[in-house]
Amino acid sequence: MPYEWTPLSDRPGRRLLLWPYRSLPRRGFAATILGLFVLITIPLYGVIGTMLLWGLLPFAMAAVGALWWGLERSYKDAEILEELILTPELAQLTRTEPRGDRKEWECNSYWTQVTMHAHGGPVPHYVTLKGSGREVEIGAFLSEPERKALYVELDDALRDVNRPVG
């Protein structure tokens with residue numbers, strides 16, 4: 001799962017970190033670019049030493065460059081990190097965007113509600129947190145089964161953090 005729960009070290013509570021899933025790691029990225037380069041140059045070996053090579057080479061290299069650019073752009077767009085801190089007093093969500101912008105939301109954890117919208121959201125089984133007069137999304141970049149599991153875990157975590165000690 002592209003999220004993990006950890007206990008807070010300095011106070012009672014839990015931290016949830018969420019990030020988009022990447023099906024192609026950096027190592028696979030390099031192998032994909034190298035593989036395309038090798039495959040796209042195979043037809044060019046037959047025209048080495050002719051003027052035709054210089055006519056085909058820019059298009060072959062443009063294809064490799066376009067794949068490189070597209071994959072790099074995909075990696076940059078997926079540099080989203082969401083952090084939810086749940087304590088008995090506070091629920092705080094911080095979303096860091098790919099360009100470094102930060103969006104923050106906080107509420108008393110006792111009044112925080114987690115809701116799953118099965119239909120009508122931007123994605124099926126859309127999960128939101130509501131409190132302090134605002135409703136914010138969480139984990140919209142996760143897959144549908146991951147959002148369903150996240151909803152259950154969030155609901156349990158809020159219930160646990162608000163349970164009276166005694």
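Given the structure is predicted, the values throughout are model-derived calculations rather than measurements.

Conventions and cut-offs
Residues numbered from 1 in each chain as written. Predicted model: local features only at pLDDT ≥ 70, side-chain atom pairs only at ≥ 80, totals over all residues. Heavy atoms only, no water. Phe/Tyr/Trp six-rings, centres within 6.5 Å; stacked < 30°, edge-to-face > 60°. Helix = DSSP H or I, 4+ residues; strand = E, 2+ residues; numbered from the N terminus. Buried < 20%, exposed > 50% of the residue type's maximum accessible area, 1.4 Å probe, protein only. Lys NZ or Arg CZ within 6 Å of the ring centre and 35° of its normal. Salt bridge = Lys/Arg side-chain N within 4 Å of Asp/Glu carboxyl O.

### A few points about the packing of aromatic side chains
Taken as a whole and judged by the stated rule, the model has 3 aromatic pairs. Plain terms: the ring middles of Phe29 and Tyr75 are 5.7 Å apart, the flat faces sit at 85 degrees to each other, and that makes the pair edge-to-face. With Phe29 in helix 1 (residues 26-41) and Tyr75 in helix 2 (residues 51-77), this residue pair connects regions lying 46 residues apart in the sequence. Judged by relative accessible area, which is 6%, Tyr75 ranks as buried. Judged by centre distance (4.9 Å) and plane angle (90 degrees), the rings of Tyr110 and Trp111 are edge-to-face. For Trp111, a relative accessible area of 61% puts it in the exposed group. Taken together, the ring pairs in this structure connect Phe29, Trp68 and Tyr75 into an aromatic cluster. Stacked on the ring of Phe29, the Lys or Arg Arg26 has its end atom at 5.5 Å from the ring centre. Over the face of the ring belonging to Tyr75 we find Arg26, whose NZ or CZ atom lies 4.2 Å from the ring centre.

### Focus: the pattern of salt bridges
Applying the stated rule across the entire model yields 13 salt bridges. The residue Arg102 makes a salt bridge to Glu104 at a minimum N-O spacing of 3.1 Å. Arg163 is the salt-bridge partner of Asp160, the closest N and O atoms lying 3.2 Å from each other. The class for Asp160 is partly exposed, based on a relative accessible area of 37%. Each of Glu82, Arg95, Glu97, Lys103 and Glu137 takes part in salt bridges that share partners, so that together they form one network.

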